[in-house]
Amino acid sequence: MARSASARNPWVLLLLILAGVVLGGFLGSLAEGVSFLKWLNYGQSFGIGQGNPVVLDLGVFVITFGLSIRITIAGIIGVILSILIYRML
């Protein structure tokens with residue numbers, strides 16, 4: 001059976017991965033309060049300007065630069081599930 005044109009589109013894969021990361025992070029934060037599911041929210045944060053973002057004050061307007069990424073077990077599971085869903089399309 002041939003794949004449909006939308007299934008081969010890399011944008012579909014990107015959107016599925018982003019949805020997997022967001023839903024995985026959301027479920028990980030919900031699971032934080034449950035004692036036997038706390039491991040889903042275990043992860044590492046990294047980024048630019050973590051805690052202290054870079055601020056560029058030009059007098060007329062202020063620009064704030066910062067990026068923070070938190071990778072959790074639930075997010076990784078969400079990415080894996082989204083890739084499996086993409087391969088099934």
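For the structure, see preceding data.
Heads up: these notes are all about the structure in this document. Values in this document were obtained by computation on a predicted structure and should not be read as measured data. (Residues numbered from 1 in each chain as written. Predicted model: local features only at pLDDT ≥ 70, side-chain atom pairs only at ≥ 80, totals over all residues. Heavy atoms only, no water.)

**Some points on the pairing of strand 3 (residues 62–65)**
Logical step 1: In this structure, strand 2 (residues 54–57) lies alongside strand 3, joined through four bridges in antiparallel fashion. Within the sheet, the bridge partner assigned to Val55 lies in strand 3 and is Thr64.
Logical step 2: Hairpin connection from strand 2 to strand 3: four residues lie between these consecutive antiparallel strands, with Gly59 at a positive phi of about 85 degrees. (Pairing = 2+ DSSP bridges. Helix = DSSP H or I, 4+ residues; strand = E, 2+ residues; numbered from the N terminus.)

**Observations regarding helix 2 (residues 73–88)**
Logical step 1: For helix 2, with 16 residues, the first-to-last C-alpha span of 23 Å sits near the 22 Å given by 1.5 Å per residue.
Logical step 2: Burial in helix 2 covers these residues: Ala74, Gly75, Gly78, Ser82 and Tyr86. Around the axis of helix 2, the buried residues are gathered within 115 degrees of arc, so they sit on the same side. Seen from the open side of helix 2, the exposed residues pointing more than 90 degrees away from its buried face are Arg87 and Met88.
Logical step 3: Looking at the packing, one finds that the buried side of helix 2 touches helix 1 (10–31) and strand 4 (67–72). (Expected span 1.5 Å × (residues − 1). Buried < 20%, exposed > 50% of the residue type's maximum accessible area, 1.4 Å probe, protein only. Arc of directions from axis to C-beta. Contact = heavy atoms within 4.5 Å.)

**A short note on the environment of Val21**
Logical step 1: Position of Val21 among the secondary structure elements: in helix 1.
Logical step 2: Setting aside chain neighbours within four positions, we find Val21 in contact with Gly75 and Val79.

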